[in-house]
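# Topology and contacts: notes
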Amino acid sequence: MIRVAVNGYGTIGKRVAEAVMLQPDMQLIGVGKTSPNAEAIVAQRKGIRIFAPEDSVKKFEESGIRVEGSIQDMVKLADVVVDATPNGVGAEYKPLYESQGKRAVFQGGEKPNVAEVSFSSLCNYDEGIGRKYIRVVSCNTTALLRTICTLSKVGKVEKVRATIIRRAADPKEIKRGPINSLVLDPASVPSHHAKDVNTVLKDLNIITTAVIAPTTLMHVHSLNVTFKEKVSKEDVINVLLNTPRLVMVSSKSKVSSTAEVIETARDLGRARNDIKEVVVFEDSVYVNGNELILTYAVHQESIVVPENVDAIRAMHGIPAEESISTTNKTLGIIGGYLI
Ligand code: NAD
């Protein structure tokens with residue numbers, strides 16, 4: 001059993017913690033929380049052990065939430081810490097993980113140099129084998145990498161251009177905007193996503209731009225891939241349909257929006273409406289010689305969860321195929337048509 005602690009129990013942390021609880025070879029030691037909010041109350045109801053910074057323990061006790069110990073105590077009990085604290089806070093925690101000789105998985109909001117390797121299961125799982133520190137790339141980068149590495153089975157990729165329509169905030173965030181505007185991401189050409197893809201696929205010719213949209217449901221990417229040689233639409237569709245962690249929304253379903261994709265997830269009974277797969281719209285797939293254009297949606301709150309679970313196994317020397325298939329099975333991740 002790999003003993004896992006999750007530090008930072010927000011959008012990503014709570015999903016990773018629950019995913020860890022579903023793994024046959026992992027045990028969740030507990031989660032690190034800084035404030036006794038609704039998420040802490042729910043965690044307690046779910047039987048998850050809560051650890052807090054020493055100076056916050058009183059706050060938790062006043063709220064009637066039992067604290068098992070400090071964050072330091074939690075780290076001591078774990079083999080690996082998944083750090084899901086806000087952007088940049090993970091780097092501040094790294095000295096604690098290092099001082100206790102613990103492995104750590106960081107998130108995409110950290111700078112790449114926080115870890116030995118940036119990680120994407122379908123692209124470079126093997127580079128994570130035996131590592132002490134791994135960074136799982138962001139939601140947008142995870143989707144780009146999964147899709148590009150899958151498409152590279154159809155033909156050699158010459159270059160990638162992508163426009164990223166980013167959700168403005170996660171559904172729970174009440175203080176972020178815009179609420180009535182499309183906003184050019186200030187650092188948008190090239191946006192940081194391309195650079196982040198290059199932390200994994202070092203030699204890929206990729207340029208991305210980004211626009212922030214007033215929605216909380218999902219991101220959407222419009223992807224343009226140029227291959228070295230002609231490709232067929234049939235081969236593209238086949239490889240997309242045959243790779244778990246990518247799903248297709250069929251032409252027949254007439255689904256053409258993120259709202260309908262999320263509604264489908266609700267109707268399918270997916271917990272929290274989560275869709276951990278990249279969701280490719282079949283109608284958007286267009287091939288012209290060696291050029292491919294397609295559009296897919298990305299559920300930002302959950303897409304990186306399977307990669308976090310795989311990163312833990314890669315660190316412990318477990319082979320890619322074994323980890324990816326266990327993760328897919330336990331988390332209900334599919335391939336083929338979502339609808
Ligand atoms: P979040 O704000 O939802 O959750 C962060 C949690 O960490 C909160 O519960 C917060 O209270 C807690 N926290 C804050 N300071 C802390 C501290 N000093 N010690 C312990 N806990 C602390 O953030 P999130 O969206 O889950 O993002 C976490 C990481 O995941 C970031 O690196 C982010 O870039 C990355 N990420 C986010 C998304 C997304 O769409 N939300 C997707 C992929 C990756």
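As the structure is a computational prediction, the values presented were derived from the model and not from experiment. (Residues numbered from 1 in each chain as written. Predicted model: local features only at pLDDT ≥ 70, side-chain atom pairs only at ≥ 80, totals over all residues. Heavy atoms only, no water.)

### As for the overall build of the chain
The helix and strand inventory of the chain stands at twelve helices and 15 strands. Here the C-alpha radius of gyration of the chain, 20 Å, is about what a compact globule of 339 residues would show, namely 20 Å. Within the chain, residue pairs in contact and separated by at least 24 positions form 72% of the contacts whose partners lie at least 6 positions apart. Of the roughly 14,700 Å² of accessible surface on the chain, 51% is carried by carbon and sulfur atoms. Computing the positive centroid from 42 side-chain charges and the negative centroid from 39, the chain places the two 1 Å apart. (Helix = DSSP H or I, 4+ residues; strand = E, 2+ residues; numbered from the N terminus. Rg over C-alpha atoms; globule rule 2.2 N^0.38 Å. Contact = heavy atoms within 4.5 Å. Areas by Shrake-Rupley, 256 points an atom, 1.4 Å probe, with all protein chains shown as cover. Lys, Arg positive; Asp, Glu negative; His and termini not counted. Charge placed at Lys NZ, Arg CZ, Asp CG, Glu CD.)

### Regarding the sheet that holds strand β4 (residues 80-83)
The parallel open sheet is built from seven strands, whose spatial order is β3-β2-β1-β4-β5-β7-β6. For this open sheet the edge positions go to β3 (50-51) and β6 (117-119), each flanked by a neighbour on one side alone. When β4 meets strand β5 (residues 103-106), the two strands line up parallel, connected through three bridges. Bridged to Val82 within β5 is Val105. Those strands touched by helix α1 (residues 11-21) are β1 (2-7), β2 (26-32) and β4, and its axis lies near 155° from that of β2. (Pairing = 2+ DSSP bridges. Axes fitted to C-alpha atoms, helices over the stretch in contact; angles between N-to-C directions.)

### Overview of the domain arrangement of the chain
Under the domain assignment used here, the chain contains domain 1 (2-137 + 304-328) and domain 2 (140-298). Taking the mean C-alpha position of each, domain 1 and domain 2 sit 26 Å from one another. Tallying the contact residues gives 26 residues for domain 1 and 20 residues for domain 2. Across the domain 1/domain 2 interface, buried area totals approximately 1,700 Å², and carbon plus sulfur atoms make up 52% of it. On inspection of domain 1 and its partner domain 2, the count reaches seven salt bridges. (Domains from an automatic or database assignment. Buried area = accessible area lost by both parts, 1.4 Å probe. Salt bridge = Lys/Arg side-chain N within 4 Å of Asp/Glu carboxyl O.)

### Digging into the state of the cysteines
Among covalent bonds in proteins, the disulfide is the one between the sulfur atoms of two cysteines. Tallied over the full model, the rule gives one disulfide. Through a disulfide, Cys123 is tied to Cys149; the S-S separation comes to 2.0 Å. Given an S-S torsion of about 115°, the disulfide between Cys123 and Cys149 has right-handed geometry. With a gap of 26 residues between them, Cys123 in helix α6 (residues 121-124) and Cys149 in helix α7 (residues 139-151) connect regions that are remote in the sequence. Left without a disulfide partner, Cys139 is nearest to the cysteine sulfur of Cys123, which lies 16 Å away. Its relative accessible area of 15% is what places Cys139 among the buried residues. (Disulfide = S-S within 2.5 Å. Buried < 20%, exposed > 50% of the residue type's maximum accessible area, 1.4 Å probe, protein only.)

### Notes on the site of the ligand
Around the ligand, a shell composed of 21 residues is seen, among which Ile12, Asn87, Tyr93, Asp170 and Lys172 lie nearest. Within the side chain of Asn87, one N or O atom sits 2.7 Å away from an oxygen atom of the ligand. One of the side-chain N or O atoms of Tyr93 is found 2.5 Å from a nitrogen atom in the ligand. If the ligand stood free it would expose 830 Å²; the protein chains cover 82% of that surface. More than half of the atoms of the ligand fall within 2 Å of the grid points belonging to the largest pocket. Where the shell around the ligand is concerned, the elements lending two or more residues are α1 and α5 (89-99). For the shell around the ligand, the per-class residue count stands at seven nonpolar, ten polar and four charged. (Near = heavy atom within 4 Å. Polar contact = N/O pair within 3.5 Å; in protein donor to acceptor, adjacent residues only side chain to side chain. 1 Å grid on protein atoms, 1.4 Å probe; cavity = no way out; pocket = protein on both sides within 12 Å on 5 of 7 lines; lining within 4 Å. Sits in = over half its atoms within 2 Å of the grid points. Nonpolar A, V, L, I, M, F, W, Y, C, P; charged D, E, K, R; others polar.)

### Overview of the environment of Arg245
Tracing the chain through its elements places Arg245 in the loop between α9 (233-241) and β12 (246-249). Exposure remark for Arg245: the relative accessible area of 0% places this residue in the buried category. Along the sequence, Arg245 and Thr150 sit 95 residues apart, while their C-alpha atoms lie 10.0 Å from each other. At a separation of 2.8 Å, a polar atom in the side chain of Arg245 contacts the side chain of Asn328.

### Observations concerning α5
Regarding α5, the residues found buried are Gly90, Tyr93, Lys94, Leu96 and Tyr97. Packed against the buried residues of α5 are β1, α4 (71-77), β4, β5 and β7 (133-136). Positive phi appears at Gly101, one or two residues downstream of α5, with a value of about 65°.

### Brief notes about the environment of Ala84
Mapped onto the secondary structure, Ala84 falls in the loop between β4 and α5. Sequence separation between Ala84 and Ser325 is 241 residues; the distance between their C-alpha atoms is 24 Å. With residues near it in sequence (within four places) discarded, Ala84 still touches Asn7, Gly8, Ile12, Gly13 and Gln107.

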